[in-house]
Amino acid sequence: MQNKKITVRCPATVANLVCGFDVLGMCISDPFDIMELELTDDGKIFIQETSCYCLPTDPALNAAGAPLLEILSGLNTGIGFKIKITKNIKPGSGLGSSGASAAGAVVAADHLLGNIFSKAELVRFAMAGEEAACGARISDNVTAGIFGGVTLIRSNTPLDIVPIPSPELFVTVVHPQIEVKTSYAREILKKEVLLTDAVKQWGNVAGLVAGFMKNDTGLISRSLEDVIAEPLRSKLIPGFDEVKARCMGVGVLGGGISGSGPSVFMLSKDEATAKAAEEEMKNIYNKLSLPHYTYVTTINHKGVEIIKESI
Ligand code: HSE
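Not measured: the values here are computed from a predicted model.

Asks: What should I look at first to understand the overall build of the protein chain in this one?
Replies: In terms of helices and strands, the protein chain carries ten helices and eleven strands. Its C-alpha radius of gyration of 19 Å places the protein chain within 12% of the 19 Å reference for a compact globule of 311 residues. The C-alpha extent of the protein chain, read off along each of the three principal axes, is 60 × 40 × 35 Å. Considering only contacts in the protein chain between residues 6 or more positions apart, those separated by 24 or more positions represent 75%. Accessible area of the protein chain: about 13,200 Å², with a carbon and sulfur share of 54%. Across the protein chain, the 29 positively charged side chains and the 34 negatively charged ones have centroids separated by 1 Å.

Written out as structure tokens, the structure is:
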């Protein structure tokens, strides 16, 4: 007998959106992983990874496997899953690689099980994948991946997710080929912040959310400022200040570090500006002789998407 099988597209996500450390996220159309999930009856999780990133295939240590273990532990049945992951989002890129695996796995599993969970429940399961990958139950990438678009996590405990309507903006991303481990990028942050910085930051988070909801690109632009994480994390990214300055020079609304880096993203009102920013990024990293990938893409309002289903 042939088992029920599903194929999903698992998009990259930009966590933090500059000022919203751990609370804001945005799903983008490119790059994305492809994941195939098959329902089995052996009670086990089997993981096949077709890229060369040497990701763990022990389900408890794998970003897609750990959330499925949590789902199965609550179901008390003999079912299992066979997962095949084709990864295009490089681990350690700052583009939500582990989040894409976790979000893809839970959305696909839920569909195979007959859509029994709410999106918020799927986020909770997916957070186990982030914990397996980087040691912290971060929810910003997986939330953006599961809900699509721009998302706000008002609270992690209890989980309170607010999807934020957003205008059709263009997103330029550069991924310099160095690895920044999320765990390290979190370790270097100060555990306490100055009240003056906190006031600036929450003004910017509120401004950014209002800017998205009101389609006020001036307000979005003014709010894309991070006085807490960026000053410390940008030191890990060669060329960061120049990328930002030159992209602002060609008219982007603003941008900064994607998640914990090293990818850097910029938002633009139109494709021509987004492409001009891409050129600036390429020139800078070519000058630094640092291999890099760039993407000119859009906000992805769908999130994880089913692209094929059999039986
Ligand atoms: N919000 C997390 C961080 C995202 O910045 O550490 C990690 O992908």
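Asks: Mind showing me how you'd approach the site of the ligand here?
Replies: Taken together, Ala15, Asn16, Phe21, Asp22, Asp140, Asn141, Thr182, Arg186, Arg233 and Gly259 are the residues near the ligand. Here asparagine 16 contributes a side-chain N or O atom positioned 2.8 Å from an oxygen atom of the ligand. Here an oxygen atom of the ligand and a side-chain polar atom of asparagine 141 are 2.8 Å apart. Protein chains bury 95% of the 260 Å² of accessible surface belonging to the ligand in isolation. Looking at the shell around the ligand, the elements with two or more residues in it are α4 (140-147) and α5 (182-187).

Asks: Hey, could you run me through the sheet that holds strand β7 (residues 170-176) in this one?
Replies: Strand pairing in a sheet is mediated by backbone hydrogen bonds. Such pairs are either parallel or antiparallel. The strand order across the open sheet formed by four strands is β8-β9-β7-β10, and the pairing between neighbours is antiparallel. Of all the strands in the sheet, just β8 (254-257) and β10 (292-298) have a single pairing partner and so form its edges. The sheet shows a mean angle of 15 degrees between the axes of neighbouring strands, taken without regard to direction. Note: β7 against strand β9 (residues 264-268), five bridges, orientation antiparallel. Each bridged residue has a counterpart across the sheet, and for valine 173 the counterpart in β9 is phenylalanine 265.

Asks: Sorry, what's going on with a nonpolar patch on the surface here?
Replies: Side chains of Leu195, Val199 and Trp202 sit close together on the surface and give an oily, nonpolar patch of about 350 Å² of accessible area. Looking at the element boundaries, leucine 195 is found in helix α6 (residues 195-214). Judged by relative accessible area, leucine 195 falls into the exposed class, the value being 61%.

Asks: Just to check I follow, could you spell out the packing of helix α2 (residues 97-112) against helix α3 (residues 119-134) for this structure?
Replies: Helix packing geometry: the angle between the two helix axes and the distance between the axes. For the pair α2 and α3, the least separation of the axes is 8 Å and the interaxial angle reads 145 degrees. The interaxial crossing formed by α2 with α3 has right-handed handedness. The segment α2 lies against α3, with Ser98, Gly99, Ala102, Ala103, Val106, Val107 and Asp110 engaging Leu122, Phe125, Ala126, Gly129, Glu130 and Ala133. In terms of residue class, the contact of α2 with α3 is built from eight nonpolar, three polar and two charged.

Asks: What am I meant to see in the nonpolar core here?
Replies: Within soluble globular proteins, side chains that are nonpolar generally end up buried alongside one another. Ranked by internal contacts, the top residues of the largest apolar core, which has 64 residues, are Met26 and Leu267. A per-element tally of this core places α2 first, with nine residues. Apart from residues lying up to four places away in sequence, methionine 26 is in contact with Ala12, Thr13, Val14, Leu17, Ala144, Gly149, Val150, Val171, Phe265, Leu267 and Ile299. Of all hydrophobic cores here, the second largest spans 14 residues; its members include Val174, Phe240, Ile257 and Tyr285.

Definitions and limits used
Each chain carries its own residue numbering, running from 1 in the direction its sequence is written. Note on the predicted model: pLDDT of at least 70 is required for a residue's local features to be given, and 80 or more for side-chain atom pairs to be given and counted; whole-chain, interface and lining totals, by contrast, use all residues. As a convention, hydrogens and water are excluded, and side-chain values are obtained from all of the structure's heavy atoms. Helix numbering and strand numbering both begin at the N terminus, where a helix is a DSSP run of H or I of at least 4 residues and a strand a DSSP run of E of at least 2. Note that the radius of gyration is over C-alpha atoms, with the globule rule given as 2.2 Å times the number of residues to the power 0.38. Contacts: residue pairs with any heavy atoms within 4.5 Å of one another. Areas reported as accessible are Shrake-Rupley estimates using a 1.4 Å probe. Residue values count occlusion only from the protein chains shown. Two residue types count as positive, namely Lys and Arg, and two as negative, namely Asp and Glu; His and chain ends fall outside the count. To locate a charge, take NZ of a lysine, CZ of an arginine, CG of an aspartate or CD of a glutamate. A molecule or strand has a residue near it when one of that residue's heavy atoms lies within 4 Å. Definition of a polar contact: a pair of N or O atoms within 3.5 Å, with one able to donate and the other able to accept a hydrogen when the atoms are protein atoms, and with sequence-neighbouring residues admitted only if both atoms are side-chain atoms. Between any two strands, at least two bridges found by DSSP are needed for them to pair. Every axis corresponds to a line fitted to the C-alpha atoms, with the helix fit spanning only the stretch in contact, and the corresponding angles, defined between N-to-C directions, vary from 0 to 180 degrees. Patch membership requires more than 30% relative accessible area and the absence of a salt bridge. Residues of like charge join within 9 Å; the nonpolar side chains Val, Leu, Ile, Met, Phe, Trp and Tyr join within 5 Å. Basic side-chain nitrogens of Lys or Arg form a salt bridge, by our definition, when they fall within 4 Å of a carboxyl oxygen of Asp or Glu. Residue burial is assigned from relative accessible area. The probe radius is 1.4 Å, only protein chains are included, and a residue is buried under 20% of its type maximum, exposed over 50%, and partly exposed in between. Handedness of a crossing follows from how the near helix is turned relative to the far one, being left-handed for an anticlockwise turn of less than a right angle and right-handed for a clockwise one. We call Asp, Glu, Lys and Arg charged. Ala, Val, Leu, Ile, Met, Phe, Trp, Tyr, Cys and Pro are nonpolar, and the rest, Gly among them, are polar. Nine residue types can take part in a nonpolar core, namely buried Ala, Val, Leu, Ile, Met, Phe, Trp, Tyr and Cys, and a core is a set of them joined through side-chain atoms within 4.5 Å.

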